[in-house]
Amino acid sequence: MKITFSSSKKDEAVLVVPVYAGNAVDHADAGLKKFITSALANEKNFDGKNGQMTTLRAADKKIILLGLGDAKELNEKSVKKMSAPLYRMLAAEGAKQATISTGSMPPALAAQLADGVLFASYSFTKYKTIKDNATRPDDITIVTPHAKQAADAFAPLNKVTQSVFWASDLANEPGNV
């Protein structure tokens, strides 16, 4: 999976937008923020709690709202914990490419989110006889105002995750290979 960091909005068919507890939308685009806020007024099962997700449909876009919980309680562990369900939601929505807006999230947490999504993407399918035709994300853009710092924080995390993938591949191979 390719993960890139950008400081400007990339137009994708699937957009992930962070929402803090109490449905506080953390997004710079005023028009999108207004659309989300009005849609949330009718949403009874979403209030921005950590790990909550819901999908909104716009004309040509799917908007996944990612609940972050209380901004003061947001940390690396809570961000990592929500990234695997986010990856599964992206896959369930059939997204090949997606843009994840991190709003005002610190660069280190944006890097943790990217690493968690990458980690969730691992699968060992080398010996599968029946190929899985499910669409999985293969291009994720993390939009953050601190793209350079987030990319720098992600680099060592990416190396560790790629090493874990290598070790997992090795463990999944038969002993005689």
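Above: the structure in question.
Cut-offs applied
For every chain, the first residue of the written sequence is number 1, and numbering continues from 1 along that sequence. Owing to the predicted nature of the model, reporting of local features is limited to residues with pLDDT of at least 70; listing and counting of side-chain atom pairs is limited to 80 or more, with chain, interface and lining totals taken over all residues. Here the side-chain values reflect all heavy atoms present in the structure, with hydrogen atoms and water set aside. Per the convention used, a helix needs a DSSP run of H or I reaching at least four residues, while a strand needs a run of E reaching at least two, with both numbered from the N terminus. Radius of gyration means the value over C-alpha atoms here, while the globule rule gives 2.2 Å times the residue count to the 0.38 power. For every residue, the accessible area obtained with a 1.4 Å probe (protein chains only) is divided by the maximum for its type, and the residue is called buried under 20%, exposed over 50%, and partly exposed between those limits. Contacts: residue pairs with any heavy atoms within 4.5 Å of one another. What sets the accessible areas is the Shrake-Rupley method with a 1.4 Å probe; for residues, cover comes only from the shown protein chains. Asp and Glu count as negative and Lys and Arg as positive, but His and the ends of the chain are not part of the count. Lys charges are placed at NZ, Arg charges at CZ, Asp charges at CG and Glu charges at CD. Among the buried residues, those of types Ala, Val, Leu, Ile, Met, Phe, Trp, Tyr and Cys that are joined through side-chain atoms within 4.5 Å form a nonpolar core.

Right, let's talk about the overall build of the protein for a bit. Scanning the protein from terminus to terminus reveals four helices and seven strands. Ordered by position from the N terminus, the helices and strands of the protein form the series β-β-β-α-β-β-α-β-α-β-α. Its C-alpha atoms give the protein a radius of gyration of 17 Å, within 12% of the compact-globule value 16 Å for 177 residues. With the C-alpha coordinates of the protein rotated into their principal frame, the extents come out at 60 × 35 × 25 Å. Counting the 177 residues in the protein, one finds 42% classified as buried. Once local pairs closer than 6 in sequence are excluded, the contacts in the protein between residues at least 24 apart make up 75%. Accessible area of the protein: about 9,600 Å², with a carbon and sulfur share of 54%. Separation of charge centres in the protein, based on 22 positive and 18 negative side chains, amounts to 2 Å.

Among the secondary structure elements, Gln162 is positioned in helix 4 (residues 147-172). Separated by 37 residues in sequence, Gln162 and Thr125 have C-alpha atoms that sit 16 Å apart.

The next point concerns the nonpolar core. Counting residues in each nonpolar core, the largest one holds 33 residues, and the members touching the most others are Leu86 and Leu90. In terms of residue count, helix 3 (residues 107-120) provides more of this core than any other element does, seven residues in total. Ranked by size, the runner-up nonpolar core spans 12 residues in total, among them Val25, Ala39, Leu56 and Ile63.

That's the geometry; what it means functionally is another story.
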